[in-house]
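# Report on the structure
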Amino acid sequence: MFKVAKFGGSSVSSAAQFEKVKKIVSSDPSRHIVVISAAGKRSSDDHKLTDLLYLCHAHLTYGVSCNDIFKAICERFIEIRDALHLDYKIEDELENLKAKLNKDISVDYLVSRGEYLTSRLMAEYLGYFFLDASDCIFMNFDGSFDSEKIGSTIKAILKDHPNIVIPGFYGSLPGGKIRVMSRGGSDITGSIAAVAAGADIYENWTDVSGILMADPRIVSNPKPIPRITYAELRELAFMGASVLHEESVQPVKEAGIALNIRNTNIPEDEGTMIVPSIGGEKLSDERFITGIAGRRNFDIITVRKHNMNVNQSLRQALEIFDAYKVNVEHITLGLDSFAVVASAFQIGEGLYNICSELQKTLRASDVQIQEGIALVAAVGRKMSFRPGISGKLFRALGQEGVNIRTIAQGSDELSIILGVDNSQYESAVRVLYDSFAG
Ligand code: ASP
């Protein structure tokens, strides 16, 4: 078994958090690669080191002194080092960095020091070999990764050093310059390192016990999802559930590596295991809805035309939406009508122009708009095997007075998507959760 364990900013925010990481890492000898973020917030009114480093750079750009901010950054590192009784001469590194603080310093280099220095401390604390991301995470100018070179480099290093720490969030460009990824990019580093090492599991340690079945701002104390497929995760994420960024999921998903989201503060929780497929499940094993997600603010535009030529009318309509750069989320089809669901934000000011073009081009007898629609998706791989699921969903919603304005089911029966009034969005999520998950 070979695991890559990535620890996010909150997991390395203080010496006490470092101690938790060490306990986790040393409790399982298969955790051979550890990817580390920059120290994050210790409390809600604290600052992430990455934010402070960006702030330093902004000061330098405008010719304002960043000494106070830089001092606060140095203190964070020294405090962790001293509390853990480490030998690392971080003052030398910080002095060197200070000498380079002028308006010409590369923002990517400066900001990457958050991950670099946090990882140096962690490597010494764990007794793991420190492998700089600039020596193993090779990036192309377009932001993509040189997977082959990354793979051969990491595999070669592992031969001599079976346990390594790699800083997240940055890599090097051809020529060696440092380049950072998008915010939260350490998740991507972890995923790429897992693929490079041919890991069995990519563990993503954070401050929640996995992906929750519903938005905790709507449902109180929703249960975490124990197991989910990558396909289900994509549906939930698309419908608004806040999960890992697609860019960090893609590499391990493609390589067929399982991704386990875990909580550094409650390591005994098993978190959420995301897998390519789940075989041999009995329908009675678990709940048949994996998760519920949704988004507000959609419009439904309904077009009616007597004796409609469906293919032609849909083609014309899609061209119009395309011209206004509006992505069509769903289409429902009737004999002499169809309805298009799209984000009100994307439609924006174009609403009346889109409707008038639909009316003219399609020679429609009627075009109607329903605004303020929320979409709620019930996602579950087991729904496809169960007759009567939709009936149950609708009965539960009907009993609570939630009026369903539109319905769509994915062709792979992985999700049922319901359109309700924005004002009934939260009730719909709660009813679905209480009826099928609670
Ligand atoms: N430290 C970086 C950020 O705050 C990257 C990461 O934490 O993943 O965005």
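The structure under discussion appears in the preceding block.
Described below are features of the structure shown in this document.

Each value, and the rule that gives it
- Residues numbered from 1 in each chain as written.
- Predicted model: local features only at pLDDT ≥ 70, side-chain atom pairs only at ≥ 80, totals over all residues.
- Heavy atoms only, no water.
- Pairing = 2+ DSSP bridges.
- Helix = DSSP H or I, 4+ residues; strand = E, 2+ residues; numbered from the N terminus.
- Core = buried A, V, L, I, M, F, W, Y, C linked by side-chain atoms within 4.5 Å.
- Buried < 20%, exposed > 50% of the residue type's maximum accessible area, 1.4 Å probe, protein only.
- Axes fitted to C-alpha atoms, helices over the stretch in contact; angles between N-to-C directions.
- Contact = heavy atoms within 4.5 Å.
- Expected span 1.5 Å × (residues − 1).
- Salt bridge = Lys/Arg side-chain N within 4 Å of Asp/Glu carboxyl O.
- Near = heavy atom within 4 Å.
- Polar contact = N/O pair within 3.5 Å; in protein donor to acceptor, adjacent residues only side chain to side chain.
- Areas by Shrake-Rupley, 256 points an atom, 1.4 Å probe, with all protein chains shown as cover.
- Nonpolar A, V, L, I, M, F, W, Y, C, P; charged D, E, K, R; others polar.

### Comments concerning the sheet that holds strand β8 (residues 227–229)
If you trace the eight strands from one edge of the open sheet to the other, you get β3-β4-β2-β1-β7-β9-β10-β8, paired in mixed fashion. Either end of the sheet is taken by a strand with one partner, and the two such strands are β3 (129–130) and β8. In the sheet, β8 pairs with strand β10 (residues 272–275) via three bridges, with the strands oriented parallel. Residue Thr229 lies in a different strand from β10, and its bridge partner there is Val275.

### Notes on the nonpolar core
The biggest cluster of nonpolar side chains holds 127 residues, and the ones touching the most others in it are Val4, Phe7, Ile33, Ile137, Ile154, Ile166 and Leu259. If you tally residues by element for this core, the top one is helix α5 (residues 107–126), at nine residues. Among the nonpolar cores identified, the runner-up in size contains 19 residues, and Ala317, Ile354, Leu362 and Val367 belong to it.

### Focus on the sheet that holds strand β16 (residues 415–421)
With antiparallel pairing, six strands are arranged side by side in an open sheet as β12-β13-β11-β14-β16-β15. In this open sheet, the two strands that pair with only one neighbour each are β12 (328–333) and β15 (404–409). Across the sheet, the mean angle from the axis of one strand to that of its neighbour is 30°, orientation sign disregarded. Against the sheet, helix α8 (residues 230–238) touches β11 (291–304), β12, β14 (366–379) and β16, its axis set at about 65° to β11.

### Overview of helix α6 (residues 147–160)
In a regular helix each residue adds 1.5 Å, so 14 residues correspond to 20 Å; α6 covers 21 Å between its end C-alpha atoms and thus fits that length. If you check which residues of α6 are buried, you get Ile150, Gly151, Thr153, Ile154 and Leu158. Buried residues along α6 sit in contact with β2 (31–36), β4 (164–167) and α7 (186–197).

### So, the pattern of salt bridges
Here the structure, examined in full by the defined rule, presents 22 salt bridges. A salt bridge links Glu93 to Arg120, with the shortest nitrogen-to-oxygen separation between them at 3.5 Å. Of the two residues, Glu93 is situated in helix α4 (residues 90–99) and Arg120 in helix α5; the sequence distance between them amounts to 27 residues. According to the relative accessible area criterion, Arg120 is partly exposed, its value standing at 25%. A single network of salt bridges, built from pairs that share partners, joins Lys3, Asp28, Arg31 and Glu203.

### Some points on the pairing of β12
Looking along a regular strand, one sees side chains alternate from face to face of the sheet. Bridge count for β12 against strand β13 (residues 337–343) is five bridges, and the pairing is antiparallel. Each bridged residue has a counterpart across the sheet, and for Ile331 the counterpart in β13 is Val340. From the end of β12 to the start of β13, which pair antiparallel, there are three residues.

### Overview of unusual backbone geometry
A positive phi angle, near 55°, is found at Lys325, a position not held by glycine. You can see Lys325 is positioned in the loop between α10 (310–323) and β12. We note that Arg363 has phi near 50°; this positive angle belongs to a residue other than glycine. Within the fold, Arg363 resides in the loop between α12 (351–362) and β14. Note on Arg363: relative accessible area 69%, which makes it exposed.

### Details of the environment of Lys382
Tracing the chain through its elements places Lys382 in the loop between β14 and α13 (389–399). Sequence separation of Lys382 and Glu357 is 25 residues, and the distance between their C-alpha atoms is 42 Å.

### Some details on the site of the ligand
All residues adjacent to the ligand are Ser37, Thr50, Glu115, Phe169, Arg183, Gly184, Gly185 and Ser186. In the model, a nitrogen atom of the ligand is placed 2.7 Å from a nitrogen or oxygen of the Thr50 side chain. A distance of 2.7 Å is found between a nitrogen atom of the ligand and a side-chain nitrogen or oxygen belonging to Glu115. Protein chains shield 92% of the accessible area of the ligand, which is 260 Å² for the free molecule. Taken together, the residues of the shell around the ligand sort by class into one nonpolar, five polar and two charged.

### Some remarks on the side chain of Asn260
Along the chain, the position of Asn260 falls in strand β9 (residues 258–263). According to the relative accessible area criterion, Asn260 is buried, its value standing at 4%. Within the structure, Asn260 has its side chain in polar contact with the backbone oxygen of Glu270 (distance 3.2 Å). Those residues in contact with Asn260 that lie beyond four places of it in its chain are Ile201, Tyr202, Glu203, Asn204, Glu270, Gly271, Thr272 and Met273.

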